[in-house]
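# Chains, contacts and geometry: an overview
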Amino acid sequence: MALHRLFQLSTLLRSAVGLTLRRNIGMSAVLFNRAKELDPVQKLFLDKIRDYNTKSKASGGIVEAGPAFQKNLSDEIAKLERLYGGGDLAKFPDFKFTEPKLDEVAK
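Reference entry: report on the structure contained in this document. (Residues numbered from 1 in each chain as written. Predicted model: local features only at pLDDT ≥ 70, side-chain atom pairs only at ≥ 80, totals over all residues. Heavy atoms only, no water.)

### With respect to the pattern of salt bridges
To keep things clear, this is the line we draw: By definition here, a salt bridge exists when the distance from a side-chain nitrogen of Lys or Arg to a carboxyl oxygen of Asp or Glu is within 4 Å. Labels follow the DSSP assignment, with helices taken as runs of H or I lasting at least four residues and strands as runs of E lasting at least two, numbered in each case from the N terminus. Relative accessible area decides the class of each residue, using a 1.4 Å probe on protein chains only: under 20% of the type maximum gives buried, over 50% gives exposed, and in between gives partly exposed.
For the structure on display, the rule yields 6 salt bridges. When the shortest N-O distance is used, the salt bridge between K43 and D47 registers 3.5 Å. On the criterion of helical spacing, the pair formed by K43 and D47 is a turn pair, its members being 4 residues apart in helix α2 (residues 40-59). Residue K43 is classed as partly exposed on the basis of its relative accessible area of 43%. Classification of D47 by relative accessible area gives partly exposed; the value is 36%. In this structure, D47 engages R50 in a salt bridge whose closest nitrogen and oxygen atoms are separated by 3.9 Å. Of the two residues, D47 and R50 are both situated in helix α2; the distance of 3 residues between them amounts to about one turn of the helix. By relative accessible area, which is 53% here, R50 ends up exposed. Each of K43, D47 and R50 takes part in salt bridges that share partners, so that together they form one network.

Spelled out as C-alpha cells, the structure:
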C-alpha cells in the first residue's frame, strides 16, 4: 500500500515538474528571441514595410499610383456600379432579416 502511494506521489510530482519546465523553457525562448538581433533578411523586410507605410501615409492611398492606375480604378468602379445597381461600394451593405412567422402546433 505504501509503495503504491509513493508511486502515485512520484507520478504527480514528475508531471508537475515537467509542466513547470515546459513553461519555463517556452518563456525563456520567447525572451531570448526578443533580446537577440533580427536576422538581416527579417530586418530588410521590416524596413521595407515601414518605408511603404510612410510613403502610403504621405500619398494618402496607394503608393506610386499614376494616372493610368486611377483611370483603370474609376473604370472598374463604374463597371461594378453598373453591374450591381449603384450604391456606395465603399460601404458594407445593410442586411435586414425579418423574423419568420411560426405557427404554433397544438398537441
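Following the structure, the description resumes.
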